[in-house]
Amino acid sequence: MEVHCAGCAGCCMDWTALLDDYEADRTRQRGRFADASDSDSDSTSDNTENERRPPFDDDANFVPLTRDEVRTFLDRGMAAAMTPRFWRARDEHEAVEIDGQQVAAIADRPVFFVGLRKPPKPVAPFGRAEPNWLPTCVFLDPTTLQCRIHGDEHFPSECGAYPAHNLELGHETECERVEAAFGGDRLLDDRLSDDELGDGPLLGSQAIGEKLFCHPQPDDLTGVVDRLETGHLRPEDRAECIAVASASSPGTLAISEHHYETGKTQAMEAMPSAGGGDSGNSAPDSASWVGPAIDEWHERYDTAACDDDDSVSSPDLAVTVEEDHGAPETPGWEEGELE
Ligand code: SF4
């Protein structure tokens, strides 16, 4: 497999806003990664929409994390980088009702992923001359369109494997979608080596407790599904789900009370005062650059939305918003790589 990523980062942001409405809808429905809605053993790429389980959020490129990755981000004071994803149930037999919605569940426990947040950032991918505010991974440097944690020990395994899992499952890759929408060559070689095949994507029952988490108390999620759907998730909503994920055990529905309590405390301590899509609760300052940067991006996006001044929408703002808070720099691309 060989991909040409310079100037792209299409798999690290939700660029559906750059498409017309019809294409945007199709792109959202397909999603970036093999999702829980694809996780039945009989899943195939030609599933009809009726057989799928649409998520309550609208992130077309959600990046799910493993339990160990959730714990690592928690330990690093980066809980603010994470957010849950729940799905609509396919039918009433697999559903629990929360906020009047049929939520996909296993053994009456709502199932969810924990993944990376995408605050709005000004980015100019695919050779575009002007930046647009797009939901962009918290770890993507908008100036270079490179990942700030690439090669780091907490680089998500899902990102490291992309787009191999899609190729393995016969799903369209983000690289091919970018090629179709904006031209250029992104997926240069779609043949997978033995190393890239690896253990394959973690799907279905084998993902329980490892990547697909089960909340033991659906009543504790009252309000969360509503807020997730409307984009107004609160820090404590995220902290609750992050804590359950961190307390999960691979292959079982068991939750460790000790890990849950520890995870909840760590998560709440790392959530800075909420801004942007959050709704106003405050918590002690995070030791990490992540939480303050997310809040500042939301504030700057709100300012830019009611201001025509282009200078408030430059990718170069990342120096102030992210690096001045402690974000690691990215090296940039070599001359010629961006052609
Ligand atoms: S962690 Fe890095 S590679 Fe993964 S989506 Fe975010 S910016 Fe992209």
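Please refer to the structure higher up on the page.
So, a few notes on the structure that sits alongside this text. This structure is a prediction, so every number in the text was calculated from the model and none was measured.

As enumerated under the stated definition, the model contains 18 salt bridges in all. Note that R85 is salt-bridged to D57, the shortest N-O span being 2.6 Å. A residue pair is termed long-range when its members are at least 10 positions apart, and R85 in strand 2 (residues 82-86) and D57 in the loop between helix 1 (21-30) and helix 2 (67-75) qualify at 28 residues. Its relative accessible area of 14% is what places D57 among the buried residues. The closest approach of N and O atoms between R148 and E323, which form a salt bridge, is 3.0 Å. One end of the pair, R148, is in the loop between strand 9 (146-147) and helix 3 (157-161); the other, E323, is in the segment after helix 11 (317-321), with 175 residues separating them in the sequence. Among the charged side chains, a salt-bridge network with shared partners connects K121, D141, R148, E322 and E323.

Relative to the elements of secondary structure, E172 occurs in the loop between helix 4 (164-169) and helix 5 (174-182). Exposure remark for E172: the relative accessible area of 31% places this residue in the partly exposed category. Residues E172 and M13 lie 159 residues apart in sequence; the distance between their C-alpha atoms is 17 Å. Polar contacts involving the side chain of E172 include one to the side chain of R177, which spans 3.3 Å.

Turning to the state of the cysteines, a few remarks are in order. Taken as a whole, this structure holds zero disulfides when the rule is applied. As a non-bridged cysteine, C11 has C12 as the owner of its nearest cysteine sulfur, 4.1 Å distant. Residue class for C11 comes out partly exposed when judged on its relative accessible area of 22%. Unpaired in terms of disulfides, C214 finds its nearest cysteine sulfur in C241, a separation of 12 Å.

Rules used in this analysis
- Residues numbered from 1 in each chain as written.
- Predicted model: local features only at pLDDT ≥ 70, side-chain atom pairs only at ≥ 80, totals over all residues.
- Heavy atoms only, no water.
- Salt bridge = Lys/Arg side-chain N within 4 Å of Asp/Glu carboxyl O.
- Helix = DSSP H or I, 4+ residues; strand = E, 2+ residues; numbered from the N terminus.
- Buried < 20%, exposed > 50% of the residue type's maximum accessible area, 1.4 Å probe, protein only.
- Polar contact = N/O pair within 3.5 Å; in protein donor to acceptor, adjacent residues only side chain to side chain.
- Disulfide = S-S within 2.5 Å.

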